[in-house]
Amino acid sequence: MLMTKGRAGGPEAGLSRVSGALLAMSRHLEVRDVLKTIVVSARELLDAEYAALGVPDDHGGFAQFVVDGVSEEQWKAIGPLPRQHGILAAMLKDATPQRLADVRLDGRFEGWPSAHPVMSDFLGLPIADGDEVLGAVFLANKRCPKPEGGCGFTAEDEELLSILAQHAAIALTNARLYERSRELTIAGERARLAHELHDAVSQKLFSLRLTAQAAAALVDRDPVRAKEELQQIALLAAEAADELRSAVVELRPAALDEDGLVATLRTQVQVLDRAHSAHVTFASRGVRALPAAQEEAVLRVAQEALHNALRHAGARQVDVTLARRGQGARLRVADDGRGFDPSAVRRAGRHLGLVSMRDRAGGVGGGLTVESAPGKGTVIEMEVPGG
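Residues numbered from 1 in each chain as written. Predicted model: local features only at pLDDT ≥ 70, side-chain atom pairs only at ≥ 80, totals over all residues. Heavy atoms only, no water.

### Some points on the overall build of the chain
As a reminder, the rule being used: A run of H or I in DSSP becomes a helix once it reaches four residues, and a run of E becomes a strand once it reaches two; helices and strands are each numbered from the N terminus. Exposure classes here rest on a 1.4 Å probe applied to the protein chains alone. A residue is buried below 20% of its type maximum, exposed above 50%, and partly exposed in between. Contact criterion: two residues are considered in contact whenever any of their non-hydrogen atoms come within 4.5 Å of each other. Shrake-Rupley sampling with a 1.4 Å probe provides the accessible areas, and residues are treated as covered by the protein chains on show and by no other component.
When its secondary structure is counted, the chain shows ten helices and ten strands. The buried share of the chain, taken over its 387 residues, is 38%. Partitioning the contacts of the chain with sequence separation of at least 6, the portion at a separation of at least 24 is 61%. About 20,800 Å² of surface is accessible on the chain, with carbon and sulfur atoms providing 53% of the total.

### Brief notes about the pattern of salt bridges
The test is simple: Each reported salt bridge corresponds to a side-chain nitrogen of Lys or Arg within 4 Å of a carboxyl oxygen of Asp or Glu.
Following the criterion strictly, the structure yields twelve salt bridges and no others. Taking the shortest distance from any N to any O, the salt bridge between K36 and D68 comes out at 3.8 Å. With K36 in helix 2 (residues 31-45) and D68 in strand 2 (residues 62-68), this pair connects stretches of sequence that are 32 residues apart. Classification of K36 by relative accessible area gives partly exposed; the value is 35%. Residue D68 is classed as buried on the basis of its relative accessible area of 13%. Notably, a salt bridge pairs D47 with R143, separated by 3.7 Å at the nearest N-O pair. One end of the pair, D47, is in the loop between helix 2 and strand 1 (48-56); the other, R143, is in the loop between strand 5 (132-142) and helix 5 (155-218), and 96 residues separate them in sequence. The partly exposed category is assigned to D47, whose relative accessible area is 34%. By relative accessible area, which is 46% here, R143 ends up partly exposed. Here the salt bridges do not stand alone but share partners, grouping K36, R43 and D68 into one network.

### Here we look at the packing of aromatic side chains
Aromatic ring pairs: the centre-centre distance and the angle between the two ring planes describe each pair. Rules: Note on ring pairs: Phe, Tyr and Trp rings are taken, using the six-membered ring of Trp, and paired if centres are within 6.5 Å. Classes follow the plane angle, with under 30 degrees stacked, over 60 edge-to-face and the rest tilted.
As enumerated under the stated definition, the model contains five aromatic pairs in all. Measuring from centroid to centroid gives 5.2 Å for F62 and F65, while their planes differ by 70°, and the two rings are edge-to-face. Accessibility expressed as a relative area gives 8% for F65, which makes it buried. Between F109 and W112, the aromatic rings sit 4.9 Å apart at their centres with planes inclined by 75°, giving edge-to-face as the arrangement.

### So, the sheet that holds strand 3 (residues 98-100)
Basically, it comes down to this: A pair of strands is labelled paired if DSSP reports no fewer than 2 bridges between them. Here an axis means a line fitted to C-alpha atoms, over the contact stretch when the element is a helix, while the angle between two N-to-C directions is reported on a 0 to 180 degree scale.
With antiparallel pairing, five strands are arranged side by side in an open sheet as 2-1-5-4-3. Edge strands, defined here as strands with exactly one partner in the open sheet, are strand 2 and strand 3. Direction aside, neighbouring strands of the sheet carry axes that sit 10° apart on average. Note that strand 1 and strand 2 share six bridges and pair antiparallel. Looking at the pairing, L53 lines up with V66 of strand 2. Across the sheet, helix 2 touches strand 1, strand 2 and strand 5, and the angle it forms with strand 2 is around 40°. Across the face of the sheet, helix 4 (residues 86-94) comes into contact with strand 1, strand 2, strand 3, strand 4 (122-129) and strand 5 while running at roughly 140° to strand 5.

### Description of unusual backbone geometry
Even without being glycine, D47 reaches a positive phi, approximately 55°. Phi at N141 takes a positive value of approximately 65°, unusual for a residue other than glycine. Relative to the helices and strands, N141 is located in strand 5. With a relative accessible area of 10%, N141 lands in the buried category.

### Quick notes on the nonpolar core
The condition is simple: Working definition of a nonpolar core: buried Ala, Val, Leu, Ile, Met, Phe, Trp, Tyr and Cys residues. They are joined through side-chain atoms within 4.5 Å.
Ranked by size, the top nonpolar core spans 34 residues in total, and within it L261, L265, V318, L322, L331, L368 and M382 carry the most contacts. Ranked by residue count, the leading element in this core is helix 8 (residues 292-312), at nine residues. Sequence-distant contacts of L261, defined by excluding residues within four places in its chain, comprise L256, L290, E295, V298, L299 and L322. Residues L123, L139, L161 and A169 belong to the second largest nonpolar core, which totals 30 residues.

### With respect to the pairing of strand 5
The buried fraction of strand 5 is high, at nine of eleven residues. Pairing geometry for strand 1 and strand 5, over six bridges, is antiparallel. Paired with A51 across the bridge in strand 5 is L139. As paired elements, strand 4 and strand 5 share eight bridges and run antiparallel to each other. Looking at the pairing, I127 lines up with G135 of strand 5. Linking strand 4 to strand 5, which pair antiparallel, is a turn of two residues; within it G130 sits at a positive phi near 65°.

### Considering the environment of L265
Inspection of the secondary structure assignment puts L265 in helix 7 (residues 254-275). Since its relative accessible area comes to 1%, L265 is described here as buried. Sequence separation of L265 and Q303 is 38 residues, and the distance between their C-alpha atoms is 8.8 Å. Setting aside residues no more than four positions away along its own chain, L265 makes contact with F282, L299, A302, L322 and L331.

### Quick look at helix 10 (residues 354-363)
As a reminder of what qualifies: The arc in question is the one traced by the directions running from the helix axis out to the C-beta atoms.
Every buried residue of helix 10 is accounted for by L354, M357 and A361. End-on, the buried residues of helix 10 take up no more than an arc of 65°, which puts them together on one face. Among the exposed residues of helix 10, those pointing more than 90 degrees away from its buried face are D359 and G363. The first or second residue beyond helix 10 is G365, which carries a positive phi of 80°.

Next comes the structure, spelled out in structure tokens:
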């Protein structure tokens, strides 16, 4: 039987807190949200100063590590994620609970970084699904008077955390299944669209080829019929372009769906910065989520502008900025490349993707401006209205 003696409000209040913690975990479907909820719930439930949860990877480290009670500044100062050693390893490998009066005096303790908060009494449990250990949750520094040389965490605390860990395993497993299901759904939908695109465009291209052959045969002996066939070619080409355009709109990048515009742009900029000799930077200010079509358009324009700067302009520095603009956002891609005369480019029929970028901006109710001159670099700005 669960006892909550010593907690404010008596047994009913304690059970209510447990129930609230379990309900909070069940409300989330994203793995990261579930992990954070587990940590926050455990720390509040057992009145500890610090709480953390680690999900191991296959290389002696942690794939995910979530903390509560530590500020963002402290967490950054602590440095890299911990390794699976000492007491953490015991919980993960042996699936054993650990309740210690002073973690620093345990023979397995291997120290921590200088910026790490000081911890004494310690309670940790594995989170397991059958024989599989999914992670470990642990608490430190119970907020209560401690017996001389004893641990502030009690056997009752360990029992409460055990119940929480069992339900955490269920919530974490469900969240992983949900994310996997979503990935499969996205993959299946993309495969369906690719199949439809292939069929539709293949038919249009086949018709285009036959009609072009017919027009070529009629040019000399029946120019009027040849002209009609050429008009049909133009119509079929327009239909094929429409098929492609509608498919591209539906095939929204998975990273954008999962991570959002800011994180997706940041990741792509980091990859380009590593892949090219040019220095590529990204900054964002106050950007809120935009309608899906607008995020897609902003991402595509940014990609096109980056491609032009890195592949054609010979830029050594490219700066990408995404900032809030009213309810919407403004994208700015500036480079120090060789630049060009926009009017001369238009006259020569070489657009460097400018028409495509303007179409994307206009298609979502936004606008695009281009500033450039030979030897002066290029600045491309796009604004979208938001929703």
